[in-house]
Each structure stands twice: as structure tokens, then as C-alpha cells.
Amino acid sequence: MTDARFDPAHADLRWQRAWDAARCFEADSASARPKRYVLEMFPYPSGRIHIGHVRNYTMGDVLARYRRMRGDEVLHPMGWDAFGMPAENAAMEQGVHPAGWTHANIAAMKAQLRRLGFALDWSREFATCDASYYGHEQALFLDLYEAGLVYRRASAVNWDPVDRTVLANEQVIDGRGWRSGAVVEKRQLDQWFLRITAFAEELLDGLGTLERWPEKVRLMQENWIGKSQGLAFRFALSNGESVEVYTTRPDTIFGASFVAVAPDHPVAQGVAMNNCEAARFNHRCKQGGTSAAEVETAEKLGFDTGLGARHPFTGAYLPVFIANFVLMDYGTGAVMGVPGHDGRDFDFASKYGLPILRVVAPSADAADAPMTEAEPGDAVLVHSGFLDGMGVEEAKRAVIARAEAEGWGEGKTVWRLRDWGVSRQRYWGTPIPFIHCAACGVVPVPRDQLPVTLPEDVDFSAPGNPLERHPTWKHVACPQCGAAAQRETDTLDTFVNSSWYFLRFASQPADRPFDPDEVAQWLPVDQYIGGVEHAILHLLYARFWTRALAVCGKISVQEPFASLFTQGMVTHETYRAGDGSWLSPSEVRREGDDYLRIEDGSPVTLGRMEKMSKSKKNVVDPDTIVERHGADAVRWFMLSDSPPERDLPWSDSGIEGCARFVQRLWRLFGQFDAAAEGEDRALARKTHRAIAATAEDIEGLAFNKAVARIYELASAIEKAPPSADRSAAIRTLLLLAAPMMPYLAEEGWAAMGGSGLVANAAWPEVDPALLVEDEVTIAVQVKGKLRDTLTAPRGLPQAELEALALASEKVQRSLDGAAIRKVIVVPDRLVNIVA
RNA sequence: GCCCCUGUGGCGGAAUCGGUAGACGCGCUCGACUCAAAAUCGAGUUUCCUCGUGAAGUGCCGGUUCGAGUCCGGCCAGGGGCACCA
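By convention here, each chain's residues receive numbers from 1 onward along its written sequence. Key to labels: chains lettered from A, ligands numbered from 1, both in the order written. Predicted model: local features are reported for residues with pLDDT of at least 70 only, side-chain atom pairs are reported and counted for 80 or more only, and whole-chain, interface and lining totals are derived from all residues. With hydrogens and water stripped out, all remaining heavy atoms of the structure feed into the side-chain values.

Draft legend 1. Quick peek at the overall build of chain A. Assigned secondary structure in chain A consists of 26 helices and 36 strands. Referenced to the eigenvectors of the C-alpha coordinate spread, the extents of chain A come out at roughly 100 × 90 × 65 Å. When a residue's accessible area, from a 1.4 Å probe over protein chains only, is under 20% of the maximum for its type it is buried; when over 50% it is exposed; and in between it is partly exposed. In chain A, which comprises 835 residues, the proportion classed as buried is 52%. Any two residues having at least one pair of non-hydrogen atoms within 4.5 Å are treated as being in contact. Expressed as a percentage of contacts within chain A between residues at least 6 apart in sequence, the contacts between residues at least 24 apart total 70%. Throughout, the Shrake-Rupley method with a 1.4 Å probe supplies accessible areas, and for residues the shown protein chains are the sole cover considered. As presented, chain A carries roughly 37600 Å² of accessible surface, and 49% of it is formed by carbon and sulfur atoms. Charged side chains of chain A number 89 positive and 112 negative; the gap between the two group centres comes to 1 Å. For helices the rule is a DSSP run of H or I covering at least 4 residues; for strands it is a run of E covering at least 2, with both sets numbered from the N terminus onward. The charge count treats Lys and Arg as positive and Asp and Glu as negative. His and the chain ends do not count. Where a charge lies is defined by one atom per residue type: Lys uses NZ, Arg uses CZ, Asp uses CG and Glu uses CD.

In C-alpha cells:
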């Protein structure tokens, strides 16, 4: 009845057309069925789909297709995060227009996605570079402006004096511009900021409600927001000035033996004016790496200013140092050094011979125990005057209370989170809808003049921002006074584009960004899936925008993503030739345990499994493998073996195994016989257990386990003789595999005479009666070691199980006549005899 | 430096609540089919030995328990994150 082999090339095209014709994946906001929003992070249109995208979208697709089979109305959209630097780079390097380059990439990648059989609602597709998207973004930006969440201030940028452009951190290599090689300068520019710090507390508290987010991501965000509570207070200095410090450990104030200020702190700058050694020291501190790991392992350096700081309680004068480990932009840029109870202060004090005082001890008796390292301390205060005997928390409160009563300090909450700078001095982004007027200042573009569109006739041959030097674009009349004025030429950070796209997917009226009622139908996203690299910025910004829009009355949801899943990377072996250069998998062949270069047979060194990257040449192209093995096999491989949150090692033999399984299923489908008769209770049980287990695994995103269930059922069916139950099992198997291998499933469904499309079919019902086994295997242990297994009817009373176990010959042999002290019986599982 | 995660066969991994460790897949070995190969099908595949159906075994050391991959304490290794954040 069917072809001997399943031909993906033929089937794939056929069913893509069938799905399109039936418009089965278009979500209906008016549907009465339960709404389900499945979303994967939308891609940047770089030109080609990466294998990591394939894994990401396959997971979301299985979930979306499964939910549809369970009767939900599923929204599973796709679009393009289309603004960004690569398009401008292409424009500069290849002379193409960013828009043309981007749209060509989108077309190519869309074709790739369609080929992979994803059940996407293409009717809602958009690119963030469409004026019909970014125009609404401009309106939302004005909403935030009116709500007081947008402001301008001066802020430093990396300025490339040769290219006359602002560089991103990644474009600055060893302090030089990546293209020009010129030494990068810090330059102050007036820039636009979003007041995310106004939401610091809410964003932190909100994390507590995100139970279906990975603990890891919540922790990363929590650390990023960085709330700390402590005491800010002033030290009077010996030169008549004063310095404010901030500490989270006010309880240890009696242990302070020095004060340290940042090299760019006013006190340090003041000292440097009259002391060239201090100036040299300050300068030296600005060199060297800025990354945490580099800085933290760097040697702690200090410069004794000769100044003294008067301790508020003891009246003693503490030496004031300039120190390289104090940061100007956190807290007050100055700290009190407590070597006994802070690791950095300990290192510093040891180096400069400063006293190391114990002020917290495990007990009052241990007040004079020697200190060999900094102890965080969590017990009792000692050598601390009025604090002696108090616990750490009590002492913190007491010091803050005293400082506030005496007026020299106050309890303070400090946040690490800073406001979000959204200005980019680039062409390919959302124009910021403001106009600069000499008389009126910064004036918002009137809403009836939105969108502010990008000019198309731009020139990338000269350095600098094309918007800035466009002959006419920026010259406009002031909306308020009508005088000649200039448009803002900065565009928005692309993270703004991705901070609300999930709302536009849910609802896209032409005249507004979205309809609040329709958004309420779909939001929050039931399952968001993407890479962990977006754990902090994208997800925090999206949470911020959602809350900010709620404050503006635009929507009612607080948190955009109810459940988040971060998938692992796809990795591949790396290969290196004798000269150390990287080789691509296609240049290498394997002979036994040896790897050889195909070209000349020279030996190849096998490197680590690493994330696929062009620089290491360990990439596989999705198109090539889809061509060779079909989309179903590729999807199956993406789901098999590795748990989705872990890395997936790509292997050729793995994908070949998947392709074989596709054919094996196809042969099995060919054995479906609607007329078969006879019962097979055992197979029916296995079938229903597989339905229940696969559903559970898919719902828990344990796709690797769901895959194993399907393999198991397939093997059981192959071994079973023909029967009505066997035919039913084959049909069930097809349905279980349908979300994962949609093309094969449609083809098989049609061959079996199923009605309609499998894409619209229902998930098989489980018969609970068939989930229960009536016989169970009992493990019999003697002193905790397995000695025998026996089969017993389910639910056998404990006493009978015990008797059965004791009757076992192997058990008696192990006991060897020893007296039985105790017997532990776990019903339907095991008997443990303790002798 | 700090924080987090992960360590189970040749490999990816499974094991609900502490209850038969190694499901399922890949690879490999042997066999069937074939002139042959591919494909397919069948059997086997943690280690060790005295080959019994013994002993050991989930990174290492210890603990709790009738029983530990799972819980607790201390290490080690690999990976990830970061902000010297006071």
C-alpha cells in the first residue's frame, strides 16, 4: 500500500502546501478554546539559520503542535529582530543597503524555517525594521516619556576619532577601534536613558513570582539588580574635608583600620594635585584589564595619602589610602577597610602592615582568637564598645540607629542596577522621535507625524552616522514654534525592539501598537524558549517594558513570560591540522581511532567538543543536513539523547541513526491493517503507558525522554504479532511522533486512511485501566543486597510477599541459616531481609 | 577572587518519594539474509576474577539509613556567570 522508503524531499513540500492551504497554524484570538502562547526568541536575520536556532525552534514547535493536539488555541509566531550593526557592516563592506541586505536574509531564512516544518503563524510575521513596527515603538517611547521614564543626560561613549563613530564595547579591541585601529577615546555625549532603576524593587520582587523560570536565571537577574542595605556615613578628614563611605557591614565599624577611596574620587584627585606620586598612582590604576576576573586577581595596590579619617566612635585617626580595588561608580566611591572581616581588606592590610582587628567571634570566649584570614563572621560582636555581645544583625541596626540619632550617617539601600542608555549613534535602528529646537529645547514629534521613518538614500562610504550627514532628513520645523530645528539623529538600542515584540505578535492593529484586550487574551507567554545568553539583559528589559507599559495603562500584565526555558548549545568536535589551523568536519575523515586530513592523509588532532562557531570551523549547515536526511530526521536528532537544557553534541552517526529510525517508522506504518483482528492486552498496556509517559515528558520539556518512549513503543510493536491492538498501537505511535516528525506523520496518516491532517488530529486518549499492571516484579534483598527477583500479583499483602521472599532458594542460600532480625516490605516493589 | 551548575559504561544519557543502577539511542562485536555490499533482521555489549550467576561499581573521602546515583559533611575535577559592588 505504501512506498518502501519514505522520501522526505517529496513529502516535505507536499505537506507545507497542505498546511498553508488549511491555514492550520493561524491563531484565532476570538477562539473559545484555551489559549496557549508558545514563543521562541526571534532571530537576528544574519543570513542563514544556525543549528542552534534549529534546536530552539524544534523544541517550541513540538510544544506548539502538542498543545494543538490537546485542543488548545496556540499562538506560535515568528518574526525578525532586524535592526542592528551587521547590516551596517555589510553596507560598508559590500556596498549594499542595510534594508536590502536584511530583507534578502529574511527571505532566505524564512525558506529554511518553512523547510524544517515549523508550525508557525506566518500571518503575524513582521520585522522590527518595518516602519509599521518601529513607528508604534516610537509611540510607546513617547508614552514612556510622558510617564517620566525617559530622560537625557551626558554619558561616556567609545569614540573612534578616525571613523568618527561611536563603537560598541565589542568593537574596541585592546583599546583600539576594530576597523580603524585608532586609539579609542572616551567622549561625553548627551544621550537618551530609560529609567529602569525606578522599577528596581519591582523587578527584584517579581522574580519571586516566576516559579517556572530557571533558578539560575532568577539568580543572575537578582545579582544584576544588586540590592544591598547598609550605612552611609561621613568620616571627618584631618585636612578639614570629609569623605562619605558606604558599608553593608556597619556592625564591623570598630574593626575599621583604614579608609580607601577610588583613584578617581575627588579626595584622590585633590591629593594628586599637590603630589605627583599620587597622580602617577591614580594614572596607573586606570591601566590594565577591566574584566572582573582580570581585575580581581590583580594585585591590590594602595597609596597612603597621609590624611587621617576620624573614627566616629573611637575618635582615632585612620590612614586614608587611594586603592585600586575601590570603584567610583558604586556606593560613594569610598569604603572603610575592615581587614578582619573582608577578604580584600585583609589582603590589603596584610600588604601594607595595617592592623587586623577581630570584632566578630564565634563566641565571646574567642574574642582574642588569632585571625589568619578574613572571617565573614555570623555570631557575636567583640571589642566593639556598646555593640559587644550583640549578634551581627542586631549590631547593624544599632550602629545605623546611633548614626542617624547623632546625625553623621544614615541607613541606605544601594542598587547596582543603572539606568538603561538607549541612544545609538547609528543609522540602522528606530529613530528616536524628538526634535531639537534652539528656542523650545527637546520637543517630542507630534503623534500624528509618526512614524519618523529612516531615509533610504544614505551613504555609507564616509565615516560617521549617515543620519547626521544626510542633506535634508534632519532639518525640520520645530513642532512648537515652527522655527528651523533638527531631528534627533540617535536611534534606539535594538534591545528596545525585542522588549515588546511579544505584544505585537499577540495583537497587531494598524493604528496602535496593540490592542490591550487581545494582548490579555494571550499574555503572559506560556512558554518562552531561548539561549541563556539572554538571561540578563533581554529578559530584564522585556520585564521592564512590560511593567512600564502597565504603569502607562497600556496593558494589564506585569510579567511577560510565565515560564522560561533556556536550551543548551549544539556542540561539535574540533579538528586541527599539524600546523595548528582549524579544519572543518568535511576536510577530515576517520579511520578507526585516527583522524586524517582527506586532502593529504596527514594526521589531525581531535580537539574538545565546543560550541559550533565559524572561527573553529566546527559548524554543520542545517540546509545540507536537511537536504541529506530530511527535516524529520534533523528535528528528531535535535530532541534525542541530550536533555534540552544541556549541550547537544552533533554527530554524523547520530543523525544517520535518526534517519534510519524515520524509515523504520515508515515501514511500521506500512504494516497498519485496519482489518486486523484479535486482542493483545500486553501491547495495549504498553501503548497506553507510552501515551501517558510521552505526554508527561513533552509537557515537562523532557524531549529526550519522550523520544525514548517512542523508541520503546516502536520496538514493542515490531515484536508483536498482528492484532487489532497492534494496528491501534501503530496509529497511536504515529500520533505520539507527530509533533516531532510532522512530515512523516502526515504521510503515514494519509497512507493509513486517516481523515484530515495529522496537524489537526487529537492526541490519543489514555485508558487509565490499561496503565495498571496486574503483575509486578519484586526485588528481594538480603541485608540490602539484591539476591533474587520474583513476580507477584499486584497489591499482594505484605505478609504474603514476605513469605514468598523467604521461600526463595537463593534467599535461603544467602541467609545461610542466619537468624532474621527484621524484614522490610515495600508493597509492589521489594522485600529486604535483615539478618 | 566570588557566585552558580555538572560529574553514572567506549559515547549521549535514564533511574517519580531513598527501594532491581545503566532504560532509550549511538558506537562496537558476532550471527542471519546476499555472489558481494548497502539496507534490514537477530544476539551480545559496566568492570574484575577463581566464570559463580560470584565480587566490585554512579568523581574522591566520610556520615545517616534495613537500603544512598538520590540525603548530610568535607574534598577533587570540568563548565558557566560576574560587578574587586564595600
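Draft legend 2. Representation of the side chain of Gln425 in the model. Along the polypeptide, Gln425 turns up in the loop between strand E18 (423–424) and strand E19 (430–431). N or O atoms within 3.5 Å of each other form a polar contact, as long as, within protein, one can give a hydrogen and the other can take it, and as long as residues adjacent in sequence are counted only when both atoms are side-chain atoms. At 3.5 Å, the side chain of Gln425 and the side chain of Asp490 are in polar contact. When neighbours within four sequence positions are excluded, Gln425 is seen to be in contact with Val166, Leu189, Gln191, Asn465 and Asp490.

Draft legend 3. Broad picture of helix H7 (residues 215–225). Along H7, the residues classified as buried are Val217, Arg218, Gln221 and Ile225. Each buried residue of H7 sits inside an arc of 100° when the element is viewed along its axis, so together they form one side. Opposite the buried face of H7, by more than 90 degrees, sit the exposed residues Glu215, Lys216 and Asn223. Taken from the residues just after H7, Gly226 is the one with a positive phi, measuring 60°. What the arc measures is the spread of directions leading from the helix axis to the C-beta atoms.

Draft legend 4. Looking closely at the nonpolar core. Membership of the largest hydrophobic core comes to 174 residues, with the highest contact counts inside it found for Tyr37, Tyr501, Phe502, Leu523, Trp545, Trp650 and Met740. Setting aside its immediate chain neighbours within four residues, Tyr37 contacts Leu75, Pro77, Phe502, Phe505, Ala506, Trp522, Leu523, Pro524, Val525, Asp526 and Gln527. If you look at the next biggest cluster of nonpolar residues, it comprises 39 residues, including Ala268, Ala309, Ile322 and Leu381. In these notes, a set of buried Ala, Val, Leu, Ile, Met, Phe, Trp, Tyr and Cys residues joined through side-chain atoms within 4.5 Å is what counts as a nonpolar core.

Draft legend 5. The packing of aromatic side chains, seen in detail. Each Phe, Tyr or Trp ring (for Trp, its six-membered ring) is paired with any other whose centre lies within 6.5 Å, and the angle between the two planes then decides the class: stacked below 30 degrees, edge-to-face above 60, tilted in between. Inspection of the entire model under this criterion finds 44 aromatic pairs. Considering the side-chain rings of Phe321 and Phe348, the 5.2 Å spacing of their centres and the 85° angle between planes classify their relative orientation as edge-to-face. Of this pair, Phe321 sits in strand E12 (residues 317–323) while Phe348 is found in helix H11 (residues 343–352), placing the two residues 27 residues apart along the sequence. A single burial state applies to Phe321 and to Phe348, both of which are buried. Site record: aromatic cluster; members linked through ring pairs are Phe42, Phe126, Tyr133, Trp500, Tyr501, Phe502, Phe505, Phe514, Tyr528 and Phe561. A ring is considered to have a charge above it if a Lys NZ or an Arg CZ atom is located within 6 Å of its centre and within 35 degrees of its normal. One Lys or Arg, Arg153, reaches over the ring of Phe193 and ends 3.9 Å from the middle of that ring. Directly above the aromatic system of Trp473 lies the positively charged group of Arg487, at a separation of 5.5 Å from the ring centroid.

Draft legend 6. Inspection of the sheet that holds strand E17 (residues 420–421) at higher detail. At least two DSSP bridges between two strands are needed for those strands to be called paired. Read from one edge to the other, the open sheet built from four strands follows the order E4-E3-E7-E17, with strand pairing classed as antiparallel. Pairing within the sheet leaves two strands with one partner each, and these edge strands are strand E4 (165–167) and E17.

Draft legend 7. Layout of unusual backbone geometry. For the bond from Leu450 to Pro451, the omega torsion is -5°, close enough to zero to count as cis. By secondary structure assignment, the location of Pro451 is in the loop between strand E21 (441–444) and helix H13 (466–469). Here the bond from Leu523 into Pro524 is cis, since omega is -5°, no more than 30 degrees from zero. Along the chain, Pro524 turns up in the loop between helix H16 (516–522) and strand E25 (527–531). Notably, His383 is not glycine yet its phi reads approximately 50°, a positive angle. Checked against the element boundaries, His383 lands in the loop between strand E15 (380–381) and helix H12 (392–406). What makes His383 partly exposed here is its relative accessible area of 43%. Positive phi values are uncommon outside glycine, yet Leu701 reaches one of about 55°.

Draft legend 8. Just the environment of Glu394, in detail. In this fold, Glu394 is placed in helix H12. By relative accessible area, which is 41% here, Glu394 ends up partly exposed. Residues Glu394 and Cys129, spaced 265 residues apart in sequence, show a C-alpha to C-alpha distance of 56 Å.

Draft legend 9. Summary view of the environment of Leu63. Within the element layout of this structure, Leu63 appears in helix H2 (residues 51–69). Between the alpha carbons of Leu63 and Val74 there is a distance of 9.7 Å; along the sequence they are eleven residues apart.

Draft legend 10. Geometry of helix H9 (residues 276–285). Among all positions of H9, only Ala278, Phe281 and Asn282 are buried. The arc that holds every buried residue of H9, seen down its axis, measures 100°, which confines them to one face. Looking at H9, the residues exposed on the side facing more than 90 degrees away from the buried face are Cys276, Arg280 and His283. Buried positions along H9 lie against helix H8 (266–274), strand E11 (302–310) and E12. N-capping of H9 is provided by Asn275, with a side-chain oxygen placed 2.9 Å from the backbone N of Glu277.

Draft legend 11. Looking closely at the sheet that holds strand E35 (residues 822–826). Pairing is mixed across the open sheet formed by four strands, whose spatial order is E34-E33-E36-E35. Taken across any chain shown, the strands that pair with only one partner, and hence form the sheet edges, are strand E34 (785–793) and E35. Going across the sheet, the axis of each strand differs from the next one's by a mean of 20°, ignoring polarity. In the sheet, strand E33 (residues 775–782) pairs with strand E36 (residues 830–834) via four bridges, with the strands oriented parallel. Residue Val780 lies in a different strand from E36, and its bridge partner there is Val831. To define axes, lines are fitted to C-alpha atoms, for helices over the stretch in contact only, and angles between the resulting N-to-C directions are given on a 0 to 180 degree scale.

Draft legend 12. Geometry of a positive patch on the surface. The residues that make up patches have over 30% relative accessible area and no salt bridge, and they are joined within 9 Å when like-charged or within 5 Å when they are Val, Leu, Ile, Met, Phe, Trp or Tyr. Between Lys or Arg on one side and Asp or Glu on the other, a salt bridge is scored when a side-chain nitrogen of the former is within 4 Å of a carboxyl oxygen of the latter. On the surface, a cluster of positive charge is contributed by Lys783, Lys785, Arg787, Arg821 and Lys822. With respect to the helices and strands, the residue Lys785 is situated in strand E34.

Draft legend 13. Local environment of the state of the cysteines. Only a pair of cysteine sulfur atoms within 2.5 Å counts as a disulfide in this structure description. Counted by the stated rule, this structure contains zero disulfides. Of all cysteine sulfurs in the structure, the one in Cys437 sits closest to Cys481, which takes part in no disulfide; the separation is 3.6 Å.

Draft legend 14. Just the packing of helix H6 (residues 200–207) against helix H17 (residues 537–551), in detail. At a minimum axis separation of 11 Å, H6 and H17 run at an interaxial angle of 110°. As summarised for this structure, H6 and H17 are arranged roughly perpendicular, according to the angle between their axes. Crossing of H6 over H17 shows right-handed handedness. Contacts from Glu202, Leu203, Gly206 and Leu207 in H6 reach Leu540, Arg543, Phe544 and Arg547 in H17. Residue type decides the class: Asp, Glu, Lys and Arg count as charged, Ala, Val, Leu, Ile, Met, Phe, Trp, Tyr, Cys and Pro as nonpolar, and the leftover types, Gly among them, as polar. Broken down by class, the residue content of the contact of H6 with H17 amounts to four nonpolar, one polar and three charged. By definition in this entry, angles of less than 35 degrees are roughly parallel, angles greater than 145 are roughly antiparallel, angles of 65 to 115 are roughly perpendicular, and the rest are oblique. Should the near helix be turned counterclockwise from the far one by less than a right angle, the crossing is left-handed, whereas a clockwise turn marks it as right-handed.

Draft legend 15. A look at the pairing of strand E10 (residues 258–261). Residues of E10 alternate between two faces, with Phe258 and Ala260 on one and Val259 and Val261 on the opposite face, all of them buried. One ladder, built from four bridges, connects E10 with strand E13 (residues 334–337); its direction is antiparallel. Note on E13: the bridge partner recorded for Val261 is Ala334. As defined by bridge partners, E10 adjoins E12 across three bridges and the pair is classed as parallel. What sits directly across from Val259, in E12, is Val320.

Draft legend 16. The arrangement of the pattern of salt bridges in detail. By the definition in use, this model includes 37 salt bridges. The shortest N-O distance in the salt bridge between Lys227 and Glu201 comes to 2.6 Å. Of this pair, Lys227 sits in strand E8 (residues 227–237) while Glu201 sits in helix H6, and the two are 26 residues apart along the sequence. The partly exposed category is assigned to Lys227, whose relative accessible area is 33%. Linking Asp515 and Arg512 is a salt bridge whose minimum nitrogen-to-oxygen distance equals 3.1 Å. What makes Arg512 partly exposed here is its relative accessible area of 35%.

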